[in-house]
Amino acid sequence: MAPIGFIGLGIMGEGMACRLISQGVAGSDDVPLVVWNRTTSKCDDLKERYPDKNIEVKGTAREVVESCGITFSMLSTPEASRAVFEGDNGTLAGVSAGKYIIDCATLAECDMKRMDEQVKAKGGQFLEAPVSGSKGPAHSGQLIFLCAGDESIYLDTTVQSSLKAMGKAMHFFGTAGEVGYGTRAKLVVNSLMGTMMAAFGESLALAESVGLDGDKMLEVIGQGAIQSPMYALKGPKMLKKDHAPNFPLQHAHKDVKLAVDMAREAGVEYSVTESAEQLFRKAREDKELKVAGQDFSAVFESIHKDSKSDYSKKRSE
């Protein structure tokens, strides 16, 4: 069997690549895992973690695609994705007839469509497969893949095994061959998550500011109809100012902004999400807080900073 490629070993890509190895999909003598990352040390770290596995590190994204039949890509931002994809030694440069490119990043719909057209022009095939989930689910194989584009790639036996190794569910949207629906689904999910976090942060700030015990309120929230795994996971850390990044705030803001733009183009009233986008943008741009690289739960710190209650003032000191 041909090697499987993986481009991008960041917060998400590292865990996804590890799942391909740990679940026996790639990394064997028969099916090497071929990797490239902008920071080479992350590739070296992966090899050190699995010294008995067949992991090949390439010097460029082009070399990964050239040596593999199937290549997954997971890059953090639209800017990084385009630079790696269209660079002289980038992903596209390695595409030839029969190559499968599967992009798992959250981009604008126009980005996915452009890549689809470029890959097809060189005889390759393209599947958009953005994921719902963050660092923890990536490492534990609990991602949800939201796919669209070339259905023959989606149904390929090796691709199916790969998606099952990295995720707990996969969905194919839209008409076969039409890219964009996966991105639309992802932006709907992430914009909802952003509004949930913004509202959650405001509610916790209000609770603390009127003298309610934060931990007790988390218990109450977890017992009712509004309970959420995200609230249960993030809440206790937020109260302790622990915002170690699983889903960086700057990436969350990017996704919410893309969703707001999509809603505007579709003519949909989206004012609640627009307000959340403003909260995340303010937190991202705050030079004093410096939370852009922290978890998106750090919007809570911006909420407290802008609040005038005695509790918020004391907490922000």
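Here the structure is shown first, and the text comes after it.
Note that this is a predicted model, so its numbers are computed, not measured.

Scoring rules and cut-offs
Residues numbered from 1 in each chain as written. Predicted model: local features only at pLDDT ≥ 70, side-chain atom pairs only at ≥ 80, totals over all residues. Heavy atoms only, no water. Helix = DSSP H or I, 4+ residues; strand = E, 2+ residues; numbered from the N terminus. Rg over C-alpha atoms; globule rule 2.2 N^0.38 Å. Contact = heavy atoms within 4.5 Å. Buried < 20%, exposed > 50% of the residue type's maximum accessible area, 1.4 Å probe, protein only. Pairing = 2+ DSSP bridges. Lys, Arg positive; Asp, Glu negative; His and termini not counted. Salt bridge = Lys/Arg side-chain N within 4 Å of Asp/Glu carboxyl O. Polar contact = N/O pair within 3.5 Å; in protein donor to acceptor, adjacent residues only side chain to side chain. Phe/Tyr/Trp six-rings, centres within 6.5 Å; stacked < 30°, edge-to-face > 60°. Lys NZ or Arg CZ within 6 Å of the ring centre and 35° of its normal.

1. Considering the overall build of the protein
Across its full length, the protein holds 15 helices and nine strands. The C-alpha atoms of the protein give a radius of gyration of 21 Å, which matches the 20 Å a tight globule of 317 residues would have. Over its C-alpha atoms, taken along the principal directions, the protein stretches across nearly 65 × 50 × 35 Å. The long-range fraction of contacts in the protein, counting pairs at least 24 apart against all pairs at least 6 apart in sequence, stands at 73%.

2. Re the pairing of strand S8 (residues 143-149)
Along S8, six of the seven residues are buried, which leaves the element largely enclosed by surrounding structure. Two strands pair when backbone bridges link them, and strand S6 (residues 125-128) and S8 are joined in this way by two bridges, in the antiparallel orientation. The residue bridging Leu127 from the neighbouring strand is Gly149, located in S8. Pairing analysis gives five bridges linking S8 to strand S9 (residues 167-172), with the strands arranged parallel. Bridge assignment links Leu146 to a residue of S9, and that residue is His171.

3. Here's the deal with the side chain of Asp150
Relative to the helices and strands, Asp150 resides in the loop between S8 and helix H7 (151-155). Of the side chains bearing the opposite charge, Lys120 lies closest to the buried Asp150, which forms no salt bridge; the N-O distance is 6.4 Å. Among the polar contacts made by the side chain of Asp150, one reaches the side chain of Ser152 at a distance of 2.4 Å. Among all residues touching Asp150, those that are not within four sequence positions of it are Gln125, Phe126, Leu127, Phe172 and Gly177.

4. Quick notes on unusual backbone geometry
For residues that are not glycine, phi is negative in most cases, and the peptide bond is trans in most cases. One non-glycine residue with positive phi stands out, namely Lys241, at about 60°. Along the chain, Lys241 falls in the loop between helix H11 (229-239) and helix H12 (249-266). Take Lys241: its relative accessible area is 42%, and that puts it in the partly exposed class. With a phi angle near 55°, Lys290 is a residue other than glycine that sits in the positive phi range.

5. Describing the pattern of salt bridges
Two side chains that carry opposite charge are able to pair once their charged atoms sit near each other. This structure, assessed with the given rule, holds 20 salt bridges. The residue Lys254 makes a salt bridge to Asp255 at a minimum N-O spacing of 2.9 Å. According to the relative accessible area criterion, Lys254 is buried, its value standing at 14%. According to the relative accessible area criterion, Asp255 is buried, its value standing at 2%. Across the pair Glu274 and Arg264 runs a salt bridge, and its minimum N-O distance is 3.8 Å. With Glu274 in helix H13 (residues 271-285) and Arg264 in helix H12, this residue pair connects regions lying ten residues apart in the sequence. Taking relative accessible area as the criterion, Glu274 reaches 30% and is therefore assigned partly exposed. The class of Arg264 is exposed, set by a relative accessible area of 52%. Within the structure, one salt-bridge network assembled from shared partners comprises Arg82, Glu86, Asp111 and Arg114.

6. A few points about the packing of aromatic side chains
What the rule picks out here adds up to five aromatic pairs. When the ring of Tyr154 is compared with that of Phe172, the centres are 5.2 Å apart and the planes differ by 45°; the resulting orientation is tilted. Taken together, the residues span a long stretch of sequence, with Tyr154 in helix H7 and Phe172 in strand S9 at a distance of 18 residues. Using a relative accessible area of 22% as the deciding quantity, one classes Phe172 as partly exposed. Both rings, one in Phe280 and one in Phe296, keep their centres 6.4 Å apart while their planes meet at 15°; by these two values the pair is stacked. Of this pair, Phe280 sits in helix H13 while Phe296 sits in the loop between H13 and helix H14 (299-306), and the two are 16 residues apart along the sequence. Judged by relative accessible area, which is 2%, Phe296 ranks as buried. Among the aromatic residues, those joined into a cluster by ring pairs are Phe247, Phe280 and Phe296. The cationic tip of Arg184 hangs over the ring face of Tyr181; the distance from NZ or CZ to the ring centre is 4.4 Å.

7. Things to note about helix H1 (residues 13-22)
Because each turn of an α-helix spans 3.6 residues, side chains separated by three or four positions end up pointing in the same direction. For H1, a buried count of eight out of ten residues is recorded, marking the element as mostly surrounded by other parts of the structure. Of the residues making up H1, those classed as buried are Gly13, Gly15, Met16, Ala17, Cys18, Arg19, Leu20 and Ile21. Within two residues after H1, Gly24 carries a phi angle of roughly 75°, on the positive side.

8. Description of the side chain of Ser302
Among the structural elements, Ser302 can be located in helix H14. For Ser302, a relative accessible area of 3% gives the class buried. If we ignore the near neighbours within four places in the chain, the residues touching Ser302 are Ala283 and Leu289.

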